Amino acid sequence: MEKSEKICQNKNARKGYSKEIFVLVAALLTGFIVRMLSYSSVTAKGGISFSGYDDFYHMRRIIYTVSNFPHPLNFDSYINYPYGFEIGWPPLFDILGALLAKVLGGGQPDLHTIEFAGALLPVLLGTLTIIPLYIAATSVFDRKTGLLGAFVFAVLPAHLYISRFGAVDHHVAEALLSTAAYACFVFALKLASKKDLSLSSLKNISSEKEIIKSLALAAASGLFLALLIFTWVGAPIFVSFIVLYAFIQTTIDLKAGKRSDYLFICSIACIFATLLFTIPLSAGSIRPGLEMSAVYISWFQVFYVLSMLVGTFLLWGLSLYISRKDLDWKLYPGILILVFGAGILSLRVFSPESYSFVIQGLRFFMGKGEYIGTISEALPLFLNLHGGLTLSPVLGSFGLCFFAALTAFFLLSLEWKGEKSKPEGVFFFLWTIFFAYLALSQRRFSYLFAVNVAILTSYILWVLLDSLNFGTEIRKLVNSGQNAGKSASSALQNGKETKSKAKAKLKTKNIPVSKNTPGPDYFKIVSSLVLIGLVFVPCILMGAAFAKSAGSVDPGWQDSLKWLETSSPETSYFLQPSETPEYGVLSWWDYGNWIVYISKRPAVSNNFQTGIADSALFFTTDSEKEAKAVVEKLKVKYVITDTLMSGGKFGSIVELAGKDIGDYFEFKTVNGNKGIQTVATPKNKFMNTEVYKLQELDGANLGNLRLVHESAVNDTNKGSYKNNTVKVFEYVQGARLSGTASPNQHVTATLELSSNTGRKFEYKNRAVADEKGSFEITVPYSTENTGIGVTATSAYSISSGENVTATGLQVKETDIQNGNTIKIGTSGSN
């Protein structure tokens, strides 16, 4: 009997596992399909249209790595032109992209295959994140919470946004590796605490499978943390969290009179494995010398992990001392806080550079780093650009799941209070607080918090569904349907039987009769489905919206950058950017990666915030001499502006130039139809800036920059680029028109032009005659048809005061390129 019972139990267990695997695979398939919804919009134009800004530079690195596998691009002369820039991004994500491209392309992938692999990689990594999420949720709660959490996460917009097809950014790898590291650690912790793992129990490790499993999981956690360090420069803080948790959990254990050996064995195994894997992974990327840099892969990461390992041993030793001496548990946190403070102070005295890295890192995670205030994705979760409260980012990232997770968090804080807390529960609790803080301080970290939100949403959803007996009611509904079907089938096969005989027959087959068995409670079923719908429907709708908006490069920019690629002189070293190319392109840093990838031209300023000081100075100065000095210093040949640079982005440009926006605009608060609003009125200083003259006046009053291409007005895009026009200007020496007029009189050169879109505009530049009546005006346009897209429709005319003094003035392209001087008379035609 016992044997048969065990066999029966094993069969049931296998059945249960098979069902769980089936459901988990269904969740993975759902996640993959939802992330591939953007495929049609990303590939709508025949190629791959990437979105965002960093995506383009990741693709540049992936293309380079394919050709130089497995070596990534570490120095790029095409950014921070003309100086070049050493890339701070750790390379794992780009190496994975290159590897996938090689697999898909049979070792020799073409450009389309490489771009497809780059677009597909985030989908694969995002879908795989569901597995460690399930492990974490199962370790902390139970399997049903893990399975439902997997489905919630599969459609959660916060993570979907960074893992959809075409979103080529390393954030998706951060989410996968951090979740995998913490899932393995929490599972190891659970097994170790159950077995009461201690140093003495390690002597019998060969016979204890659970102990081996726990240590293996802790080591796996360390491997994932090492891979995370090789993916993102901010990753060391995830190692610090393990130490912080060990400190808090030990304090809880000491207060309860428990030993913490299980905790420290797991923590040391994890951090030691991190150290062992970090050294070889980083060795190939570390630059010569004993460099300590937090912004590059260097010895800093190795020593940082080593310090965390030493710190963990210190925590363990102090806890053992306090426990054996039976001292007050409060001494433990008190002593360690003093030691930590002394350590930071010592670091400041003996290693100012390392201290600076730590402080800068803390400021970054607090949203206080340099330039962060000008980056929209780095804004706090509940604040808009103007500092006002908003729920849009929360609802857009999590739907109603954020509020469901918040409810679950407070419910668990009551449920796990005091002695009811378990180590894995405390870890998950602190993990949630950690990632919630990151998301609240900078909304871009919502993709990390999405894991915790999904698990908490699943937990609270099961609490509500269980209170409605959802599982029981669904089984009743299924059984009633099956019974009805069987009854109908039986009646058809035995049409001559009476109703009473049919009922008797059903009873002998152990099929419940509806008369004696209560039917399903449809109110509870409908209520449960409504709850499920409130979680999933908003997420699915937002996911579909993300899919439609994929490929966010503004058509105007796409057009202008493609023109630049085909119509400007080609620059050298694009695929092997170790040497300085011939010239650079100046625009605002937001567009730098687009310029490099789409136009294949060097950018002065890009999304690494390179060249910002010079770019900001150029666009905000009202001195043509100062602007010209910037252009010549940086060997700039083309300048690109758009409507946003002279509009919504101008405030950021001014801020990063170290100037006051109040010098350029007068702000007034008015009470209008839309309530209280702030109205900005431009001052003369704004209208004299280089960006205003270029974008709004087509380069009027500038002698060395000429419009060579403009995009059509974009009135179809509903996003931030609606009504955006992109303009490309070429820097030239300019022809010098010299002549004489009355002393101190204003002299103006005028030329009528037609742009590549057919728009007619007028170019004017002015000068003031000196005391002898001599003047010189530099002009950038020739009157010849050069085929550059913008052509002259008249000859130059010169006016002095209100009188036209010269007309029909022809200027050759050679005069413009060589800076020739053309002498003109004071009256008549030339």
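This text gives an overview of the structure that appears in the document. (Residues numbered from 1 in each chain as written. Predicted model: local features only at pLDDT ≥ 70, side-chain atom pairs only at ≥ 80, totals over all residues. Heavy atoms only, no water.)

1. Overview of helix α17 (residues 401–415)
For α17, built from 15 residues, the straight-helix expectation of 21 Å at 1.5 Å per residue is met to within 8% by its first-to-last C-alpha distance of 20 Å. The set of residues buried in α17 consists of Cys401, Phe402, Ala404, Ala405, Ala408, Phe409 and Leu412. Taken down its axis, α17 places every buried residue within 155 degrees of arc, on the same side. Exposed residues on α17 whose side chains face more than 90 degrees from its buried face are Phe410 and Leu414. (Helix = DSSP H or I, 4+ residues; strand = E, 2+ residues; numbered from the N terminus. Expected span 1.5 Å × (residues − 1). Buried < 20%, exposed > 50% of the residue type's maximum accessible area, 1.4 Å probe, protein only. Arc of directions from axis to C-beta.)

2. Here's the deal with the sheet that holds strand β4 (residues 636–642)
With respect to topology, 4 strands assemble into an open sheet ordered β3-β4-β8-β7, the strand pairing being mixed. Either end of the sheet is taken by a strand with one partner, and the two such strands are β3 (584–586) and β7 (705–710). Adjacent strand axes in the sheet meet at a mean angle of 30 degrees, parallel and antiparallel pairs treated alike. In terms of strand pairing, β4 meets strand β8 (residues 726–731) through 5 bridges, oriented antiparallel. Within β8, the residue paired with Ile640 across the bridge is Val728. Contacts between helix α23 (residues 555–567) and the sheet are confined to β3, β4, β7 and β8, with β8 contributing the most and set at about 25 degrees to the helix. (Pairing = 2+ DSSP bridges. Axes fitted to C-alpha atoms, helices over the stretch in contact; angles between N-to-C directions. Contact = heavy atoms within 4.5 Å.)

3. Details of the pattern of salt bridges
As enumerated under the stated definition, the model contains 17 salt bridges in all. A salt bridge links Lys562 to Glu565; the nearest nitrogen and oxygen atoms lie 3.4 Å apart. Placement of both Lys562 and Glu565 in helix α23 is noted, with a separation of 3 residues, approximately one turn of the helix. Residue Lys562 is classed as partly exposed on the basis of its relative accessible area of 39%. Bridged by salt links that share partners, the residues Lys637, Arg706, Glu730 and Glu813 form one connected network. (Salt bridge = Lys/Arg side-chain N within 4 Å of Asp/Glu carboxyl O.)

4. As for the sheet that holds strand β12 (residues 774–779)
Read across the open sheet, the 3 strands follow the order β12-β9-β16; overall the sheet is mixed. Only two strands of the sheet have a single neighbouring strand rather than two, namely β12 and β16 (821–823). Adjacent strand axes in the sheet meet at a mean angle of 25 degrees when their direction is disregarded. Sheet topology note: the strand β9 (residues 735–740)/β12 ladder contains 6 bridges and is antiparallel. Following the sheet pairing, Ser738 is matched in β12 by Glu776.

5. Comments concerning the nonpolar core
Counting 229 residues, the largest nonpolar core has Tyr182, Phe238, Phe398, Phe427 and Phe618 as its most contacted members. If we skip the residues at most four places from it in the chain, Phe618 touches Leu586, Ala627, Val630, Val631, Val639, Glu690, Leu694 and Leu705. (Core = buried A, V, L, I, M, F, W, Y, C linked by side-chain atoms within 4.5 Å.)

6. So, the packing of helix α9 (residues 171–194) against helix α11 (residues 236–256)
Interaxial distance between α9 and α11 falls to 11 Å at its minimum, and their mutual angle equals 25 degrees. On the basis of the axis angle, α9 is roughly parallel to α11. Crossing angle aside, the handedness with which α9 passes α11 is right-handed. Residues Ser178, Tyr182, Phe185 and Leu189 of α9 touch α11, and the partners they reach there are Phe238, Phe241, Ile242 and Tyr245. The residue makeup of the contact of α9 with α11, split by class, is 7 nonpolar, 1 polar and no charged. (Parallel < 35°, antiparallel > 145°, perpendicular 65-115°, else oblique. Left-handed = near helix turned anticlockwise from the far one by under 90°. Nonpolar A, V, L, I, M, F, W, Y, C, P; charged D, E, K, R; others polar.)

7. Description of the packing of aromatic side chains
By the definition in use, this model includes 55 aromatic pairs. Ring centres of Phe241 and Phe434 lie 5.1 Å apart, and the angle between their planes is 10 degrees; on these two criteria the pair is classed as stacked. Residue Phe241 is located in helix α11, and its partner Phe434 is located in helix α18 (residues 423–441); the two are separated by 193 residues in the primary sequence. The exposure class of Phe241 is buried, given its relative accessible area of 4%. Seen from the ring of Tyr78, Arg60 lies directly overhead, with NZ or CZ sitting 5.3 Å from the centre. Geometry around Tyr664 places Lys685 over its ring, the cationic atom sitting 5.2 Å from the centre. (Phe/Tyr/Trp six-rings, centres within 6.5 Å; stacked < 30°, edge-to-face > 60°. Lys NZ or Arg CZ within 6 Å of the ring centre and 35° of its normal.)

8. With respect to the pairing of β7
β7 sits mainly inside the fold: 6 of its 6 residues count as buried. The pairing of β7 with β8 spans 5 bridges and is antiparallel. Residue His709 lies in a different strand from β8, and its bridge partner there is Val728.

9. Looking at the side chain of Asp94
Along the chain, Asp94 falls in helix α4 (residues 92–104). Asp94 gets classed as buried once you look at its relative accessible area, which sits at 0%. In this structure the side chain of Asp94 is engaged in a polar contact, spanning 2.7 Å, whose partner is the side chain of His58. Not counting chain neighbours up to four residues away, the residues in contact with Asp94 comprise His58, Arg61, Ile62 and Thr65. (Polar contact = N/O pair within 3.5 Å; in protein donor to acceptor, adjacent residues only side chain to side chain.)

10. Section: a nonpolar patch on the surface
Together, Leu391, Leu395, Leu400, Phe403, Val526, Val530 and Leu534 line one region of the surface with nonpolar side chains, adding up to about 570 Å² of accessible area. Take the nonpolar patch: its biggest share by element is 3 residues, from helix α22 (residues 522–548). We classify Phe403 as partly exposed; its relative accessible area is 32%. (Patch = residues over 30% accessible without salt bridge, like charges linked within 9 Å, V, L, I, M, F, W, Y side chains within 5 Å. Areas by Shrake-Rupley, 256 points an atom, 1.4 Å probe, with all protein chains shown as cover.)

11. Remarks on the environment of Ser198
For Ser198, the location among the structural elements is in the loop between α9 and α10 (209–229). For Ser198, a relative accessible area of 15% corresponds to the buried category. Separated by 13 residues in the primary sequence, Ser198 and Ile211 place their C-alpha atoms 9.8 Å from one another. Those residues within four positions of Ser198 in sequence are excluded, and the remaining contacts are Asp261 and Ile265.

12. Some thoughts on the environment of Pro122
For Pro122, the location among the structural elements is in helix α5 (residues 111–128). A residue is classified by how much of its surface remains accessible, and Pro122, at 0% relative accessible area, is buried. The spatial distance from the C-alpha of Pro122 to the C-alpha of Val168 is 6.3 Å, given a sequence separation of 46 residues.

13. Considering helix α6 (residues 130–140)
Along α6, 9 of the 11 residues are buried, which leaves the element largely enclosed by surrounding structure. Of the residues making up α6, those classed as buried are Ile130, Pro132, Leu133, Tyr134, Ala136, Ala137, Thr138, Ser139 and Val140.

14. Quick notes on unusual backbone geometry
The omega torsion across Phe69 and Pro70 is 0 degrees, close enough to zero to call that bond cis. When you line up the elements, Pro70 lands in the loop between α3 (54–67) and β1 (75–76). If you check the backbone angles, Asp196 has positive phi at about 50 degrees while not being a glycine. Within the secondary structure, Asp196 sits in the loop between α9 and α10.

15. Points about the packing of α3 against helix α24 (residues 592–599)
Relative to each other, α3 and α24 sit at 40 degrees, their axes nearing to 8 Å. Classified by the interaxial angle, the pair formed by α3 and α24 is oblique. Of the two elements, α3 crosses α24, and the hand of that crossing is left-handed. Note on element contacts: α24 touches α3 through Asn593, Trp594, Val596, Tyr597 and Ile598, opposite Asp54, Phe56, Tyr57, Met59, Arg60 and Ile63. Looking at the contact of α3 with α24, its residues break down into 8 nonpolar, 1 polar and 2 charged.

In short, geometric facts, not functional conclusions.
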